[in-house]
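Single-letter residue listing:
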Amino acid sequence: MFKRLTLAVLVMLLVGCVGLSWHSEVPPIGAPPSSSFPAAQVALGGQLAGAGGCAGCHTAAGGLAYGGGVGLETGFGTIYSTNISPDVQTGIGSWSLAAFDRALRQGVARDGTHLFPAFPYTHFTLLSDGDVGALYAYFMTRDPVSSPSRANRIPFPLNVRSLQAGWKLLFFKPGVYRADARRGEAWNRGAYLAEGIAHCAACHTPRNRFGAERSDAPYAGAPLDGWVAPTLSAASPAPVPWSQQDLYDYLRNGESERHGVAAGAMAAVVHQGLARLPDSDIQALATYFSDLGGAAGREPQAAAALALAQTRRLADVGQETDPAANLYLAGCAYCHYSAAPGPGKVSGSLALSTALTADDPANFIQTVLHGVGGAGTPGPYMPAFAGALTDADIALLAAYLRRTRSDRPAWPNLLPTVTAHRPMAAVPP
Ligand code: HEC
Ligand code: HEC
Ligand code: HEC
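Note that residues are indexed from 1 along each chain, following the sequence as it is written. Whichever chain is written first is A, and whichever ligand is written first is 1; the rest continue in order. Confidence filtering applies because this is a predicted model: local features only for residues at pLDDT of at least 70, side-chain atom pairs given and counted only at 80 or more, and all residues used for totals across whole chains, interfaces and linings. Just so you know, side-chain values use all the structure's heavy atoms and leave hydrogens and water out.

1. Notes on the overall build of the protein
A run of H or I in DSSP counts as a helix once it spans at least four residues, and a run of E counts as a strand once it spans at least two, with each numbered from the N terminus. Each helix and strand counted, the protein has 20 helices and 8 strands in total. Each principal axis of the C-alpha atoms in the protein carries an extent, and together these give about 75 × 60 × 45 Å. In the protein, buried positions account for 47% of the 429 residues. Contacts are residue-level and defined by heavy atoms, with any inter-residue pair within 4.5 Å sufficient. By sequence separation, contacts in the protein at least 24 residues apart represent 66% of the contacts at least 6 residues apart. Accessible areas in this description were obtained via Shrake-Rupley with a 1.4 Å probe; residue shielding takes into account the shown protein chains only. With an accessible surface of roughly 21,100 Å², the protein has 62% of that area assigned to carbon and sulfur atoms. Of the side-chain charges in the protein, 30 are positive and 30 negative, and the distance between the mean point of each set is 7 Å. We call a residue buried when its accessible area falls under 20% of the maximum for its residue type, exposed when it is over 50%, and partly exposed in between, using a 1.4 Å probe and counting protein chains only. The charged-residue count follows a simple rule in which Lys and Arg add positive charge and Asp and Glu add negative charge, with His and chain termini not counted at all. Positions of charges follow a simple convention, taking NZ of Lys, CZ of Arg, CG of Asp or CD of Glu.

So, in structure tokens, the structure goes:
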């Protein structure tokens, strides 16, 4: 009986979906001449394209700008990004503003088919008309790149695009951003940028089994290509709250004195993405996220946490016979000891980093394996230790630093966890 009922519901859903899924084609146009877009509009579009991470997903490593073909691993298979350069044959050169707008804010391609939510239209839907127009101006004035799209590797029936209508019915809330009248201008600007173009939640909010962001766990943290995008809500494991100033420093320069450095995918978000936004927008993001994390309420505890981190730098003194302490003193303390600010200070205290206080050791392991910065990334540098340290060494260091630099319970199964992380991508596409 139950089975029959489920089947009936499924069939109904399917029929509903097919009905709802129908969208007409937007007629093709001749590529509009670059001169038809004012320079200021193109410049704004460039800023937004940066904040939206369009290049990160649409420019393949070593490929031409916006030529597509970047493979995104989703829980459902590999989906390839498309060519969004203004090439008429293989890109979006024949797309009118209406077609581009519908793709960004409704997730429907020019030919009327549904796009998969690996493309974060679920966030871009919040964009204002002006910002969509600016993005269109920016992309229509790029160099056209001839690069045909690659076939996705998604199994049947998940590859059936019309079924996306059902997904949208359940998980997609279309509509532009509505300001919260109880909040100030900076907060609303921050919320608009974060929830819309910058789609911070796409990485920092865990997903349900249908691949949709969980509305019951906003910014609760989520795994990402071997890393973890940490919790940004009030449940953040950061020893010191993320104040507005901390967030500004981190999002503007990739580095916060009271926390640490942006590595992994976050390094690209900061240095290639947010870098193009004006200071006022970075301040707005900082306003929004310091409020979301309840920083003001936690600030009174900050002084004690900072003092404790300072004393934890001395944890290794007299521990020279401990093999783990020895490893740390030999390989890491050179840069990470630095008990006081001054010429010897290369980096912040590890006791302040969520790499050591998070439930998951992923970011600690990835940082040690792959290092920090380098290869054109501005800011601090730490060498990769993948070649110098064995899995057992890294597990030993992780256990030791967790014990001496945090109050959190020991991480379980460290050795197999390190082994599993070793082959994972250092920096996701
Ligand atoms: C997280 C990765 C990601 C980001 C960020 C991203 N895209 Fe995409 N985009 C994709 C993928 C994947 C597709 C293909 C979706 C599909 O085939 O259903 C896509 C499709 C598109 C399409 C439809 C093109 C077509 O031929 O159907 C447009 C237009 C587009 N993106 C524009 C943008 C713009 C503009 C930005 C930045 C504001 C952006 N994308 C940011 C992954 C991304
Ligand atoms: C050549 C200097 C250098 C050495 C050696 C070094 N590090 Fe680092 N490390 C840095 C810098 C610089 C940063 C980024 C700035 C910061 O966190 O203050 C960093 C960051 C980190 C972070 C991330 C902290 C954060 O910012 O969130 C971890 C974890 C870490 N290092 C662990 C280690 C371990 C374990 C070793 C020894 C195996 C080690 N480091 C050796 C310079 C170094
Ligand atoms: C492409 C995925 C991705 C996007 C988009 C993204 N983040 Fe991150 N974020 C990460 C990852 C991964 C880390 C962990 C980096 C590390 O440990 O160095 C991180 C770390 C952070 C941290 C440090 C948290 C802590 O306690 O250590 C902050 C703050 C942050 N992100 C804010 C943001 C904001 C604000 C946005 C949107 C403007 C954003 N992120 C967008 C992946 C992402």
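2. Considerations on the packing of helix H2 (residues 39–51) against helix H6 (residues 129–140)
H6 packs onto H2 with a crossing angle of 95° between their chain directions and a minimal axis gap of 7 Å. By the angle between their axes, H2 is roughly perpendicular relative to H6. Of H6, the residues touching H2 (which contributes Gln41, Val42, Leu44, Gly45, Gly46, Leu48 and Ala49) are Asp131, Gly133, Ala134, Leu135, Ala137, Tyr138 and Phe139. When the residues that make up the contact of H2 with H6 are grouped by side-chain class, the tally is 9 nonpolar, 4 polar and 1 charged. To obtain each axis, a line is fitted to C-alpha atoms, and for helices this fit is confined to the stretch in contact; angles are then taken between N-to-C directions over 0 to 180 degrees. Note that the term roughly parallel is reserved for angles under 35 degrees, roughly antiparallel for angles over 145, roughly perpendicular for angles of 65 to 115, and oblique for everything else. Gly falls in the polar group here, along with every residue not listed as nonpolar (Ala, Val, Leu, Ile, Met, Phe, Trp, Tyr, Cys, Pro) or charged (Asp, Glu, Lys, Arg).

3. Description of the pairing of strand S2 (residues 77–80)
The rule for pairing is simple: two strands pair if DSSP sees at least two bridges between them. Pairing of strand S1 (residues 71–74) with S2 involves 4 bridges; the strand directions are antiparallel. Considered in S2, the bridge of Gly71 is made with Tyr80. Remark: 2 residues form the turn of the hairpin made by S1 and S2, two consecutive strands paired antiparallel.

4. Remarks on the site of ligand 1
Think of it this way: one heavy atom of a residue within 4 Å of a molecule or strand is enough to make that residue near it. Lining the immediate surroundings of ligand 1 are 25 residues, of which Cys54, Cys57, His58, Phe116 and Arg161 lie closest. At the level of elements, helix H3 (54–58), S2 and helix H4 (97–106) are the ones that each hand at least two residues to the shell around ligand 1. The greatest single-element share of the shell around ligand 1, amounting to 3 residues, is contributed by H3. Across the shell around ligand 1, the residue classes break down as 18 nonpolar, 6 polar and 1 charged.

5. Some words on the coordination of the iron atom of ligand 3
Bound to the iron atom of ligand 3 are the protein donor atoms His204 (NE2) and Met266 (SD), situated 2.0 to 2.3 Å from the metal. Coordination at the iron atom of ligand 3 is octahedral: its 6 donor atoms span angles of 88 to 179° at the metal. On the criterion of sequence distance, the pair formed by His204 in helix H9 (residues 201–204) and Met266 in helix H11 (residues 264–273) is long-range, its members being 62 residues apart. One exposure class covers both His204 and Met266, and it is buried. Note on donors: an N, O or S atom is included if it sits within 2.8 Å of the metal, or within 3.2 Å for Na, K and Ca, and water is never included, so sites can look incomplete. For a four-donor site, all angles between 85 and 135 degrees give tetrahedral; for four or six donors, opposite pairs above 155 degrees with the remaining angles between 65 and 115 give square planar or octahedral; all remaining cases count as irregular.

6. Focus on the domain arrangement of the protein
You can read the domains of the protein as domain 1 (26–161), domain 2 (185–297) and domain 3 (314–421). Taking the mean C-alpha position of each, domain 2 and domain 3 sit 23 Å from one another. Note: buried area is the sum, over both parts, of the accessible area (probe 1.4 Å) each one loses when the two are combined. Around 1,400 Å² of area is buried between domain 2 and domain 3 when both sides are counted, 64% of it from carbon and sulfur atoms. Its largest share of buried area at the contact with domain 3, domain 2 owes to Trp227, Val228 and Pro237, together 33% of the area lost on that side. Criterion for a salt bridge: a side-chain nitrogen of Lys or Arg within 4 Å of a carboxyl oxygen of Asp or Glu. At the junction of domain 2 with domain 3, the criterion picks out 0 salt bridges. Start and end positions for the domains come from either an automated domain assignment or a database one.

7. A closer look at the site of ligand 3
What surrounds ligand 3 is a group of 22 residues, the closest being Cys200, Cys203, His204, Met266 and Thr354. What qualifies as a polar contact is a pair of N or O atoms within 3.5 Å, subject to a donor-acceptor requirement within protein and to the restriction that residues adjacent in sequence count only when both atoms come from side chains. At a separation of 3.0 Å, an oxygen atom of ligand 3 approaches a polar side-chain atom of Trp242. A distance of 3.4 Å separates an oxygen atom of ligand 3 from a polar backbone atom of Val261. Within the residue set of the shell around ligand 3, elements represented by two or more residues are H9, strand S4 (227–229), helix H10 (244–253) and H11.

8. Observations regarding the coordination of the iron atom of ligand 1
Looking at the protein side alone, the iron atom of ligand 1 has one donor only, His58 (NE2), at 2.0 Å. Position of His58 among the secondary structure elements: in helix H3.

9. Details of H10
The complete set of buried residues in H10 reads Asp246, Leu247, Tyr248, Tyr250, Leu251 and Arg252. Where H10 is buried, its residues contact strand S5 (255–256), strand S6 (260–261), H11 and helix H12 (279–292). Taken from the residues just after H10, Gly254 is the one with a positive phi, measuring 80°.

10. Digging into the packing of aromatic side chains
Within 6.5 Å between ring centres, the rings of Phe, Tyr and Trp (the latter by its six-membered ring) count as paired, and their orientation is classed by plane angle as stacked under 30 degrees, edge-to-face over 60, tilted in between. A full pass over the atoms with the stated rule returns 17 aromatic pairs. Note on Tyr121 and Phe172: the rings are 5.0 Å apart at their centroids and 85° apart in plane angle, and the pair reads as edge-to-face. Linking Tyr121 in helix H5 (residues 121–124) with Phe172 in the loop between helix H7 (164–171) and helix H8 (185–195), this pair joins segments that are 51 residues apart in sequence. Looking at Tyr121, the relative accessible area reads 0%, which means it is buried. On the basis of relative accessible area, Phe172 is assigned to the buried category, the value being 11%. The interplanar angle of 75° and the centroid separation of 5.1 Å between the aromatic rings of Tyr288 and Phe289 together place this pair among those described as edge-to-face. Each of the two residues, Tyr288 as well as Phe289, counts as buried. Taken together, the ring pairs connect Phe37, Tyr66, Phe100, Tyr136, Tyr138 and Phe139 into an aromatic cluster. By definition, being over a ring means that NZ of Lys or CZ of Arg is both within 6 Å of the ring centre and within 35 degrees of the ring normal. The aromatic ring of Tyr121 is capped on one face by Lys168, whose charged end is 5.0 Å from the ring centroid.

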